Amino acid sequence: MLALAGCVRFQANVTLTPQNTVNGEIVVAVILADDTADSRATATAGTAQIATALLGTLTNAAGVSTSDYEQDGYLGTRIKLTNVALAAFDSQEPGALMFTRDGDEYVFTGALDFTSQTAGGGADQNSDDSNLTVSVTFPGAVTDHNGELSGTTVTWKTPIEKRLEMSARGGATSAGPGILLFVIIGIVVLVIAAAVVAVLLLLRSRRKKAAAVSPPTPVVTDAVLPVPSAPVVPVAADAPAKPPRAPRTPKAPKTTD
């Protein structure tokens, strides 16, 4: 596809929806040998070759838009997919990225093969796998794949000197929230409830302490309190009155002979 060794960038990140459509972004680019017109023309031609081999006529489908891409010394095309029909990936060449629906599942296949471009050397300096990556996210659980799985996303990476065969199968409809989500929600609810109870207990404790330190002030009114009278001792009505005592007669002094 390209008469240059170790200088290709193909990065695809796409998401399948339950509505038989695809969203995402694909970068197809070739490194510039230098900033000259000839070098830019070569990179542009190489980008077109790679896009045709891996994407077919996808760039002409409804919902596909393209823009120039120039980053890290690479020149090429950025392809944006917005609700692109699954049928846009039909009739692709062998090895091209292809999405099909099989009952309640989506099936993805494709291959990244630039090994013919590494003959004669030049690939060692680009033997990392950051430039050739593909990520596909399924609506439901992934049932089969040969990449790296994270949630419902399968990712493939490869250095340019190796051929990469990709395949994955996953649910075409959302699997709904997993049990882990319900567990997390339950824990959050318990933590909030415990915090509310703790606050209420703290407020109640503070009120009790305040009541013990400051007893209530008695209320003073202008009302005159009654003064209790001395107890009255009853006297019997039939009791005879005592006569007054007679005065004593003085005794005569004693006389002596």
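Residues numbered from 1 in each chain as written. Predicted model: local features only at pLDDT ≥ 70, side-chain atom pairs only at ≥ 80, totals over all residues. Heavy atoms only, no water.

(A) A look at the packing of aromatic side chains. Counted by the stated rule, this structure contains three aromatic pairs. Seen in terms of ring centroids, Phe108 and Trp156 are 5.3 Å apart; in terms of plane orientation they differ by 45°. Their pairing is tilted. One end of the pair, Phe108, is in strand 6 (residues 105-112); the other, Trp156, is in strand 10 (residues 153-157), and 48 residues separate them in sequence. The pair formed by Phe108 and Trp156 is uniform in burial state, with each residue classed as buried. An aromatic cluster of three or more residues is present, and its members are Phe89, Phe99, Phe108 and Trp156. In this structure, Arg9 is placed above the aromatic ring of Tyr74, and the distance from its NZ or CZ to the ring centre is 4.3 Å. (Phe/Tyr/Trp six-rings, centres within 6.5 Å; stacked < 30°, edge-to-face > 60°. Helix = DSSP H or I, 4+ residues; strand = E, 2+ residues; numbered from the N terminus. Buried < 20%, exposed > 50% of the residue type's maximum accessible area, 1.4 Å probe, protein only. Lys NZ or Arg CZ within 6 Å of the ring centre and 35° of its normal.)

(B) Quick peek at the side chain of Thr133. Among the structural elements, Thr133 can be located in strand 7 (residues 132-137). Taking relative accessible area as the criterion, Thr133 reaches 14% and is therefore assigned buried.

(C) Representation of the sheet that holds strand 11 (residues 164-171) within the structure. Pairing is antiparallel across the open sheet formed by four strands, whose spatial order is 5-6-11-8. Every other strand in the sheet has two partners, leaving strand 5 (98-102) and strand 8 (142-145) as the edge strands with one partner each. With strand direction ignored, the average angle separating the axes of adjacent strands in the sheet is 15°. (Pairing = 2+ DSSP bridges. Axes fitted to C-alpha atoms, helices over the stretch in contact; angles between N-to-C directions.)

(D) Focus on a nonpolar patch on the surface. A contiguous nonpolar patch, built from Val188, Ile192, Val196, Val199, Leu200 and Leu203 and spanning about 520 Å² of accessible area, is present on the exposed surface. Here Val196 is to be found in helix 2 (residues 179-213). What makes Val196 partly exposed here is its relative accessible area of 45%. (Patch = residues over 30% accessible without salt bridge, like charges linked within 9 Å, V, L, I, M, F, W, Y side chains within 5 Å. Areas by Shrake-Rupley, 256 points an atom, 1.4 Å probe, with all protein chains shown as cover. Salt bridge = Lys/Arg side-chain N within 4 Å of Asp/Glu carboxyl O.)

(E) Here's a closer look at the pattern of salt bridges. In total, this model carries eight salt bridges according to the counting rule given. Linking Glu105 and Arg169 is a salt bridge whose minimum nitrogen-to-oxygen distance equals 3.1 Å. One end of the pair, Glu105, is in strand 6; the other, Arg169, is in strand 11, and 64 residues separate them in sequence. The exposure class assigned to Glu105 is buried, which follows from its relative accessible area of 19%. The class of Arg169 is partly exposed, set by a relative accessible area of 27%. Note that Arg163 and Asp113 form a salt bridge whose closest N and O atoms lie 2.8 Å from each other. A residue pair is termed long-range when its members are at least 10 positions apart, and Arg163 in the loop between strand 10 and strand 11 and Asp113 in the loop between strand 6 and strand 7 qualify at 50 residues. Residue class for Arg163 comes out partly exposed when judged on its relative accessible area of 46%.

(F) Up close: the sheet that holds strand 10. Here we have seven strands laid out as an open sheet, ordered 3-4-2-1-7-10-9, and mixed in their pairing. Each end of this open sheet is capped by a strand with a single partner; those strands are strand 3 (64-71) and strand 9 (148-150). Between one strand and the next, the sheet's axes are offset by a mean angle of 15°, whatever the strand orientation. With three bridges connecting them, strand 9 and strand 10 associate as antiparallel partners. Paired with Ser150 across the bridge in strand 10 is Thr153. Along the sheet, helix 1 (residues 37-55) makes contact with strand 1 (8-16), strand 2 (21-31), strand 3 and strand 4 (74-85), crossing strand 2 at roughly 145°. (Contact = heavy atoms within 4.5 Å.)

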